[in-house]
Amino acid sequence: MSSRSDSPTGSTQVDHLIIGAGFAGLAAAIKLDEAGERDFVVIEKDSDVGGTWHINTYPGAECDVPSQLYSYSFALNPDWSKVYSPQAEILEYIRKVARESGTLDRFVFDTAVVDARWDEQAQRWVVQVEGPEGTREYATRTIVSAAGGLSEPRMPEVEGIESFQGEIFHSARWNHDVDLTGKRIAVIGTGASAVQLVPELQEVAGHLDVYQRTPNWIIPRNERSFTSLEKTAFRRVPGLQRAARSAVYSTLEGRVPAFAKFPDLLKVVEAQGRKNINAAIKDPELRAKVTPDYRAGCKRILISNKWYPALAADNVDLVTDPIVKITGDAVVTADGVERPIDVLVIATGFYVTEPPIAEHVTGRDGRTLADLWDEQGMAAYKGTTINGFPNLFQLVGPNTALGHSSIIFIIESQVKYVVEAAKAMRREGLGAVEPTQAAQDAWTADIRRRMKPTVWQTGGCASWYLDKFGNNTTLWPGQTFAFRQHLSKFDVDKYDVQAVRPTETKEKASA
Ligand code: N01
């Protein structure tokens, strides 16, 4: 394929354009590079690698998947400080892997993809990006979209929120300049982020109101630090760390049948959750408020030893009356109570089932991915490729996220598929590959069928896993090794393909 050059129209020609420099984008860059597909750029809207681990700097941010598994299989780290690593340590790990990969020369930071259009004639995506030096255009054979499902903060639609005069920020846009000591703080939301940040706020706040719409099942966090002996052993004893990683992997996979087929088994988790509540909270009214009324696992099961003690603290109120209004200095609930505050922390999650990057991508028929998915719900063949969008590879695409294990396992499976596709295109002289509608529909139908008995569909809760049609378009409904098996080779027979156009061949010959 071509080497990078500027065309007469001013666009920079590349073979691959990767959107996003988080875990997924970096893995794609490293593995394409290793496969000899070196002509790529990585476009990252933030100033550094890390993705969600770069932007989520709220106090208490930590991973809730053990780090032995929440790391690349090709870059084990013997130095993790604890079972569940803190954000800063994970970010440093990603930075180190990026530095040592030798690919950073192709990363473009502080630059956002604002438009990507498929040019059928040229068999390329024409991509506009905006950065510090203005707008620039790339013409790329493939796009690997690794923009992340948890990147665009979702603000709650509450009357008057724009009129609030105090400090207001989202958990994923933490304002570290605000001194929270002694302040009256409100947190809206009680999901994975809130569960980590509320105990930190409780320690410094004068008063803290936590607004809960739905309680979560929260079980103890089996946390411990790794000893220096363990770290040395991970470093020196061949195979030991990989064995530890495999043990974590197998334990987590062992939970899949409960989520996917036999949700009643999750009553065991509910018992653990009740025990966790009862150990920290004495007040029966508060106990009742924090006890969910749906099957555990329907929403993400959270882990914390600090959440319930924080809610039970004297300076904290858990408010369950719905918020009706926010004024210049207070939150007003449906019972008419007005609670004055200085700082409002929004912990209401992200746009997951309507990923913002989809608005910027226009396919073969002139429709954006956002329009298509708005009409039909998110769908992609093997969670990765989309009919109507040739040569577009979506990492952590529809039905690839996990409720039970490390997303990095999924990312690596998808990246291998992308690399296999790139190799097949080169080997067979293909200018465009696009999954057939039939292949994509069959894949989606199978996912929907397998999703029916899962706890996410039957557990009796509303969650961000479900889209507006009530379909779970977010999670993979099975074992992760089955997903990997599905993506182990690029199945070109399920694709409509086009040979590289003759003009391209001539261009190549003269290059
Ligand atoms: O967001 P969430 P998050 N008024 O969507 C509530 C990952 N993560 O940022 O349940 C009032 O989970 C909403 O209530 P309800 C992880 O995958 C990982 O916490 O919809 N409340 C809920 O309580 C996670 O799942 C780590 O009724 C409103 C909360 O806001 C994902 O990120 C750490 C509301 C949103 O919870 C997102 O987590 C942190 C409204 N209008 C996050 N709208 C790791 O450790 C929403 N809510 C790896």
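Residues numbered from 1 in each chain as written. Predicted model: local features only at pLDDT ≥ 70, side-chain atom pairs only at ≥ 80, totals over all residues. Heavy atoms only, no water.

## As for the pattern of salt bridges
Move 1: According to the stated counting rule, one finds 34 salt bridges in the structure shown.
Move 2: Linking Glu-200 and Lys-306 is a salt bridge whose minimum nitrogen-to-oxygen distance equals 3.6 Å. Linking Glu-200 in helix 4 (residues 192–204) with Lys-306 in the loop between strand 12 (302–303) and helix 10 (307–312), this pair joins segments that are 106 residues apart in sequence.
Move 3: According to the relative accessible area criterion, Lys-306 is partly exposed, its value standing at 48%. (Salt bridge = Lys/Arg side-chain N within 4 Å of Asp/Glu carboxyl O. Helix = DSSP H or I, 4+ residues; strand = E, 2+ residues; numbered from the N terminus. Buried < 20%, exposed > 50% of the residue type's maximum accessible area, 1.4 Å probe, protein only.)

## Thoughts on the packing of aromatic side chains
Move 1: Counting across every chain of the model gives 20 aromatic pairs.
Move 2: Between Phe-169 and Trp-174, the ring centres sit 4.7 Å apart and the planes meet at 75°, which makes this aromatic pair edge-to-face.
Move 3: Given the relative accessible area of 6%, Phe-169 is considered buried.
Move 4: Through pairs of rings, three or more aromatic residues link up here, namely Phe-23, Trp-53, Tyr-70, Tyr-72, Phe-74, Trp-80 and Tyr-93.
Move 5: The ring of Phe-74 is capped by Lys-31, whose NZ or CZ atom sits 4.3 Å from the centre of that ring.
Move 6: When the ring centre of Trp-476 is taken as reference, the NZ or CZ atom of Arg-450 above it lies at 4.8 Å. (Phe/Tyr/Trp six-rings, centres within 6.5 Å; stacked < 30°, edge-to-face > 60°. Lys NZ or Arg CZ within 6 Å of the ring centre and 35° of its normal.)

## So, helix 13 (residues 437–451)
Move 1: Between its first and last C-alpha atoms helix 13 spans 21 Å; for 15 residues at 1.5 Å apiece the expected length is 21 Å, and the two agree.
Move 2: What helix 13 keeps buried is the set Ala-439, Gln-440, Trp-443, Thr-444, Ile-447 and Met-451. Considered in projection along helix 13, the buried side chains sweep an arc of 125° and stay on one side of the axis. In helix 13, the exposed positions that point more than 90 degrees away from the buried face belong to Ala-438 and Arg-449.
Move 3: Structurally, helix 13 contributes buried residues whose contacts are with strand 20 (430–435), helix 14 (455–458) and helix 15 (480–486). (Expected span 1.5 Å × (residues − 1). Arc of directions from axis to C-beta. Contact = heavy atoms within 4.5 Å.)

## Focus: the site of the ligand
Move 1: Around the ligand, the surrounding shell holds 22 residues, and the nearest of these are Glu-62, Asp-64, Ser-193, Thr-214 and Lys-299.
Move 2: The backbone of Asp-64 places a nitrogen or oxygen atom 2.8 Å from an oxygen atom of the ligand.
Move 3: The separation between an oxygen atom of the ligand and a polar side-chain atom of Arg-213 is 2.9 Å.
Move 4: Relative to its unbound accessible area of 910 Å², the ligand is 84% covered by the protein chains. (Near = heavy atom within 4 Å. Polar contact = N/O pair within 3.5 Å; in protein donor to acceptor, adjacent residues only side chain to side chain. Areas by Shrake-Rupley, 256 points an atom, 1.4 Å probe, with all protein chains shown as cover.)

## As for the nonpolar core
Move 1: Of all hydrophobic cores here, the largest spans 81 residues; its most connected members are Phe-23, Tyr-70 and Tyr-72.
Move 2: Here the element with the most residues in this core is helix 12 (residues 407–428); it accounts for 13 residues.
Move 3: For this core, the domains that each give at least three residues are domain 1 (5–152 + 351–510) and domain 2 (161–216 + 254–346).
Move 4: Beyond its immediate chain neighbours, meaning those up to four positions away, Tyr-72 contacts Gly-22, Phe-23, Leu-26, Ala-27, Tyr-93, Val-97, Arg-245, Ile-408 and Glu-412.
Move 5: Residues Val-210, Tyr-308, Val-316 and Val-343 belong to the second largest nonpolar core, which totals 32 residues. (Core = buried A, V, L, I, M, F, W, Y, C linked by side-chain atoms within 4.5 Å. Domains from an automatic or database assignment.)

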